[in-house]
2 protein chains.
Amino acid sequence: MDRELSYKDKKVITIGTVCELTGLTERQIRYYEEKKLVFPERSKGKIRKYSFSDIETLIKIASMVEEGVQTFEIRQKMKKQKEKEIERKLIQGQINAHFGLRNGKR
Amino acid sequence: MDRELSYKDKKVITIGTVCELTGLTERQIRYYEEKKLVFPERSKGKIRKYSFSDIETLIKIASMVEEGVQTFEIRQKMKKQKEKEIERKLIQGQINAHFGLRNGKR
DNA sequence: CGTGTAAGGAATTCTGACACG
DNA sequence: CGTGTAAGGAATTCTGACACG
């Protein structure tokens, strides 16, 4: 159904690698999780696993924090962002339904 | 130049996760490396890092081994496979050059 | 509020080797 | 040949806390 894109959202990267890719410290990354800005999965041993998507999110968060935006506000913005996304998909779904399409991807 | 595809080839996955995704044991994965079938990168501490692309390769290798194909033969096949790929890209490059295109991606 | 750090433990990974077949 | 395993060490990650501001 989505061969290529699945890579982007698969949670397979450990925190050390995320640090390298984002330039952030473990402390920062864990803190942003505490503030509900990122949601890594955990593998048996409680090890955090991130996706490439998470990494992009973290980079955005970091630049906002640098600009002085508080994590609380960032969380609000991300929530709104997500709501818009949902609505967009909903509408797209209705359009597709109208034209008898299944799986409106691509 | 290639935003999406870069994920597939980025070496960021540790061996434990590769085991989960492929169903192979660490022993098998390291052995296939010894036999020059996969080429993980190493992060500072000598930890192996694999890409999603490597994972796909490993799955193919595993099924061939199960069929009784020896790693030596698999290596040969992969080498031929790679040569064909190079030739294909070469030809494509010439075609693109002929039409004045830069970067024949997509 | 956001981040650094030392602390101690648990989980992960590594290498080289012996074993079986 | 391909893979399992026990062995000991090194690197990674985790949590909870104290600190600064």
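This text follows the structure it describes.
Residues numbered from 1 in each chain as written. Chains lettered and ligands numbered in written order. Predicted model: local features only at pLDDT ≥ 70, side-chain atom pairs only at ≥ 80, totals over all residues. Heavy atoms only, no water.

(A) Broad picture of the overall build of chain A. The number of helices and strands found in chain A is five helices and two strands. Tracing chain A from N to C terminus, the helices and strands come up as α-α-α-β-β-α-α. Per-residue burial over chain A gives 29% buried out of 106 residues. Within chain A, contacts between residues separated by at least 24 positions form 61% of all contacts whose residues are at least 6 apart in sequence. If you sum the accessible surface of chain A, you get close to 8,000 Å²; carbon and sulfur atoms cover 52% of it. (Helix = DSSP H or I, 4+ residues; strand = E, 2+ residues; numbered from the N terminus. Buried < 20%, exposed > 50% of the residue type's maximum accessible area, 1.4 Å probe, protein only. Contact = heavy atoms within 4.5 Å. Areas by Shrake-Rupley, 256 points an atom, 1.4 Å probe, with all protein chains shown as cover.)

(B) Region of the structure containing the protein's contact with DNA strand D. Residues in close proximity to DNA strand D total 20 residues, the closest being A:Arg42, A:Arg48, B:Thr25, B:Tyr31 and B:Thr71. Restricting attention to atoms of DNA strand D within 4 Å of the protein, one finds that 74% of them are sugar or phosphate atoms. Between a phosphate oxygen of DNA strand D and a side-chain N or O atom of B:Gln28, the distance comes to 3.1 Å. Here a phosphate oxygen of DNA strand D sits 2.6 Å away from a polar atom, N or O, in the main chain of B:Thr71. For the surface near DNA strand D, the element with the most residues is helix α3 (residues 26-34) of chain B, which contributes four residues. Class assignment for the residues of the surface near DNA strand D results in five nonpolar, seven polar and eight charged. (Near = heavy atom within 4 Å. Polar contact = N/O pair within 3.5 Å; in protein donor to acceptor, adjacent residues only side chain to side chain. Nonpolar A, V, L, I, M, F, W, Y, C, P; charged D, E, K, R; others polar.)

(C) Region of the structure containing the packing of aromatic side chains. Counted under the stated rule, the structure contains five aromatic pairs over all chains. Ring geometry for A:Tyr7 against B:Phe52: centres 4.6 Å apart, planes inclined by 35 degrees, an arrangement best described as tilted. Here A:Tyr7, found in helix α1 (residues 6-9), pairs with B:Phe52, found in helix α4 (residues 52-66), and the two come from separate chains. Exposure class is identical for A:Tyr7 and B:Phe52. Each is buried. Ring geometry for A:Phe52 versus B:Phe52: centroids 6.3 Å apart, planes at 55 degrees, classification tilted. Note that A:Phe52 is positioned in helix α4 (residues 52-66) and B:Phe52 in helix α4, a pairing that runs across two chains. Summarising the burial analysis for this pair, A:Phe52 and B:Phe52 share the class buried. (Phe/Tyr/Trp six-rings, centres within 6.5 Å; stacked < 30°, edge-to-face > 60°.)

(D) Expanded view of the interface of chain A and chain B. Each partner contributes to the interface: chain A provides 16 residues, whereas chain B provides 16 residues. When chain A packs against chain B, close to 1,400 Å² is buried across both sides, 59% of that on carbon and sulfur atoms. With a shortest N-O distance of 2.6 Å, A:Glu20 and B:Lys44 are connected by a salt bridge. Mapped by element, the contributors of at least two residues to the side of chain A that touches chain B are α1, α2 (15-22) and α4 of chain A. No other element matches the three residues that α2(A) contributes to the side of chain A that touches chain B. Residues of the side of chain A that touches chain B, tallied by class, amount to six nonpolar, three polar and seven charged. (Buried area = accessible area lost by both parts, 1.4 Å probe. Salt bridge = Lys/Arg side-chain N within 4 Å of Asp/Glu carboxyl O.)

(E) Local environment of the nonpolar core. Residues A:Ile29, A:Leu58, B:Ile29 and B:Leu58 are the most contacted members of the largest nonpolar core, which totals 38 residues. For this core, the elements supplying multiple residues, two or more each, are α2, α3 (26-34) and α4 of chain A together with α2 (15-22), α3 and α4 of chain B. The contacts of A:Leu58, once residues within four sequence positions are left out, are A:Val18, A:Thr22, A:Leu24, A:Ile29, A:Tyr32 and A:Val38. (Core = buried A, V, L, I, M, F, W, Y, C linked by side-chain atoms within 4.5 Å.)

(F) Quick peek at the protein's contact with DNA strand C. Taken together, 20 residues surround DNA strand C, and among them A:Thr25, A:Tyr31, A:Thr71, B:Arg42 and B:Arg48 come closest. For DNA strand C, the fraction of protein-proximal atoms (within 4 Å) that sit in sugar or phosphate groups is 75%. Between DNA strand C and the protein, one listed contact pairs a phosphate oxygen with a side-chain N or O atom of A:Tyr31 at 2.7 Å. Between DNA strand C and A:Thr71 there is a distance of 2.6 Å, counted from a phosphate oxygen to a backbone nitrogen or oxygen.

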